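One-letter residues, chain by chain:
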Amino acid sequence: MAVTIEELYRNYGILADAKPEDLGQHKYAYQVILDGVKGGPKEKRLAAQFIPKFFSSFPELADAAINAQLDLCEDEDVSIRRQAIKELPRFAAGENIVRVADILTQLLQTDDSAEFSQVNTALVSIFKMDAKATLRGLFSQILQGEDIVRERAIKFLSIKLKTLPEDTMTKEVEDYVFTETKKVLEDVTGEEFVLLMRILMALKGLQTVNGRQQLVELVVEQAFLEQALNPADPDTVDRLLQCTRQALPLFSKNVHSSRFVTYFCDHVLPNLSTLTSPVAELDIQQEVLKLLAEMSLFCGDMEKVEANLLMLFEKLLEFMPLPPEAEGENGENTMSEEPKLQFSYVECLLFSFHQLGKKLPDFLIDKINAERLKDFKIRLQYFARGLQVYIRQLRVALQGKTGDALKTDENKIKVVALKITNNINVLIKDLFHNPPSYKSTVTLSWRPVQKAEAVALKRPSGEEMGTGSTMKKLLSPPLPRRNARQIYNPPSGKYSAAIGNFTNGEGGTWVGCKGRVYYWKLSKLTSK
């Protein structure tokens, strides 16, 4: 016969009125309350509140009590489930904490938002009772539970761990998190890897140089840097990029990126044009080059610095074209099609080359033969001349614009373009020094800068415009002679498909310059 409301209240009264030392004598009364889970909705709600209240007084009925409460947590009535979940932390004492944490972790799979919030709150509350025991329950489900439970448990840790106070997240607890997370990392998806690294990076004990180095070692294992890259396998490429993104914030002057940079030069750059990605809209080449450029800042000692520089040099040749021929043998105009200058790619490659060049400053003099060096300088010169025109166009377009005027989509594109072209300009000037210099410092165009971009609004100086004897020396030898009536056409520039088109409405952008009209076709301006 089912227990009634009256029986529940009567037996609750017996237990409530008994002296603490005499509670154990009323085992029958507690059993009646446990039987309340077999009643109707009202009886179940009362049982959900009464069972945990006297739980600690009947250790011999502990398993029966937890199982009864668990039945209520799985009831069809959502209000009963919420009440039962709310009371679960009251069962978390001694050895029961692990079990309660395990149960709550499984309950994370609920699709009811209020219930899910209740589970989160309950987990946080038992964390404050015994963090390590709670983590044992969580990691048990992460390692052995169903996929949806594993996924939500990892997300819970990635969000909540960093909010817990220091007296909860002790060194012992952090060490346990690190040990268990390493086990989970043996078999993870890309999303899980990102979340788990977020968990580890938030641990106070891993904020030291030694701690960051340990994290880099973990990423190296996940990145498979000992294996050759299959550029045709999008999952393999994506894994490498995900790992590199996670390692990037860990690098510093004391935690070096040398292994990643060398791997990119050995295995990624040679296959740059054939790389595939599971993300259709991603400019995979641009993404790779940006990551390489950012890592190049933190290279330490490098065994293969010459080989790495040579690979970067070869890639620069690919993206820095020779100037088109202006005249044929009989003097007729045979101007070939203008090559596209991919500024974003060149910014990344030049920056990486410049950073590694500091480690072998005589590379261009001692390691590159005279003919190739001459060819390289012609390409640099051609690129630099195009830059001067484009920088002037951008400066004129942005002249006098401040505040909201600079926040329009069109002007944002121009500001980014100006950062890119200014960076390339500075780096090219360094390489034209005799011997080449690697002293200039630039901030990559997509990285935040400390000072406002007021420099973008000032009038260009003579040096910036490439006038005067200094720039003339830097840009020698001269370009091929052009027909006197011919208008100079700088090549078109590509940034990244994400930014969109930047045109004057007629397929190009123009600006007057000393009586001439310079016309630059801009197909796609990109900067990610």
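Residues numbered from 1 in each chain as written. Predicted model: local features only at pLDDT ≥ 70, side-chain atom pairs only at ≥ 80, totals over all residues. Heavy atoms only, no water.

### Some points on the overall build of the protein chain
Tallying secondary structure elements over the protein chain gives 21 helices and two strands in all. Buried positions account for 50% of the 528 residues belonging to the protein chain. A separation threshold of at least 6 residues defines the contact pool for the protein chain, and within that pool the share at least 24 residues apart is 74%. As presented, the protein chain carries roughly 25,900 Å² of accessible surface, and 49% of it is formed by carbon and sulfur atoms. (Helix = DSSP H or I, 4+ residues; strand = E, 2+ residues; numbered from the N terminus. Buried < 20%, exposed > 50% of the residue type's maximum accessible area, 1.4 Å probe, protein only. Contact = heavy atoms within 4.5 Å. Areas by Shrake-Rupley, 256 points an atom, 1.4 Å probe, with all protein chains shown as cover.)

### Observations concerning the environment of Lys160
Within the fold, Lys160 resides in helix α9 (residues 147-160). For the pair Lys160 and Leu123, spaced 37 residues apart in sequence, the C-alpha to C-alpha distance is 9.7 Å. Apart from the residues lying within four places of it in its own chain, the contact partners of Lys160 are Asn120 and Val124.

### Digging into the pattern of salt bridges
Considering all chains together, one arrives at 24 salt bridges under this definition. Among the ionic pairs, Lys171 bridges to Asp175, the shortest N-O distance being 2.9 Å. You can see Lys171 and its partner Asp175 sitting in helix α10 (residues 171-184), four residues apart, about one turn around the helix. With a relative accessible area of 38%, Asp175 lands in the partly exposed category. Each of Glu151, Lys155 and Glu191 takes part in salt bridges that share partners, so that together they form one network. (Salt bridge = Lys/Arg side-chain N within 4 Å of Asp/Glu carboxyl O.)

### Examining the packing of aromatic side chains
One pass over the structure, following the stated rule, counts 14 aromatic pairs. Each ring, one from Phe251 and one from Phe260, has its centre 5.8 Å from the other, and the planes form 65°; the classification is edge-to-face. The exposure class assigned to Phe251 is buried, which follows from its relative accessible area of 5%. On the accessibility criterion, Phe260 (1% relative accessible area) is buried. Seen in terms of ring centroids, Phe319 and Tyr345 are 5.1 Å apart; in terms of plane orientation they differ by 85°. Their pairing is edge-to-face. Here Tyr345 lies in helix α17 (residues 343-357) and Phe319 lies in helix α16 (residues 305-319), a separation of 26 residues in the sequence. Looking at Phe319, the relative accessible area reads 10%, which means it is buried. (Phe/Tyr/Trp six-rings, centres within 6.5 Å; stacked < 30°, edge-to-face > 60°.)

### Details of the environment of Ile368
If you trace the backbone, Ile368 turns up in the loop between α18 (363-367) and α19 (370-398). By relative accessible area, Ile368 is classed as buried at 6%. With 55 residues separating them along the chain, Ile368 and Phe313 place their C-alpha atoms 9.6 Å apart. Setting aside its immediate chain neighbours within four residues, Ile368 contacts Leu310, Phe313, Phe363 and Leu373.

### Here we look at the side chain of Glu115
With respect to the helices and strands, the residue Glu115 is situated in helix α7 (residues 113-127). Of the polar contacts made by the side chain of Glu115, one reaches the side chain of Thr110; its length is 3.3 Å. Look past the residues within four positions of Glu115 in its chain and what remains in contact with it is Cys73, Val78, Arg81, Arg82, Ile85 and Thr110. (Polar contact = N/O pair within 3.5 Å; in protein donor to acceptor, adjacent residues only side chain to side chain.)

### Topic: the confidence of the model for the protein chain
In this model, the protein chain carries a mean pLDDT of 83, and residues with pLDDT of at least 70 account for 82%. Predicted confidence for residues 452-528 stays below pLDDT 50, and this span has 180 contacts to residues more than four positions away or in other chains. (pLDDT = per-residue confidence, 0-100.)

### Looking at the packing of α7 against helix α8 (residues 131-144)
Interaxial distance between α7 and α8 falls to 7 Å at its minimum, and their mutual angle equals 135°. Between α7 and α8, the angle is such that the two are oblique. Contacts from Leu123, Ile126 and Phe127 in α7 reach Ala131, Thr134, Leu135 and Leu138 in α8. Here the contact of α7 with α8 is built from residues that sort into six nonpolar, one polar and no charged. (Axes fitted to C-alpha atoms, helices over the stretch in contact; angles between N-to-C directions. Parallel < 35°, antiparallel > 145°, perpendicular 65-115°, else oblique. Nonpolar A, V, L, I, M, F, W, Y, C, P; charged D, E, K, R; others polar.)

### Brief notes about helix α12 (residues 209-223)
Given a rise of 1.5 Å per residue, 15 residues ought to cover 21 Å, and the 21 Å separating the end C-alpha atoms of α12 matches this to within 8%. All of the buried residues along α12 are Gly211, Arg212, Leu215, Val216, Leu218, Val219, Val220, Gln222 and Ala223. At its buried positions, α12 is contacted by α10, α11 (190-201), α13 (234-247) and α14 (258-268). One or two residues past the end of α12 sits Phe224, with phi positive at roughly 55°. (Expected span 1.5 Å × (residues − 1).)

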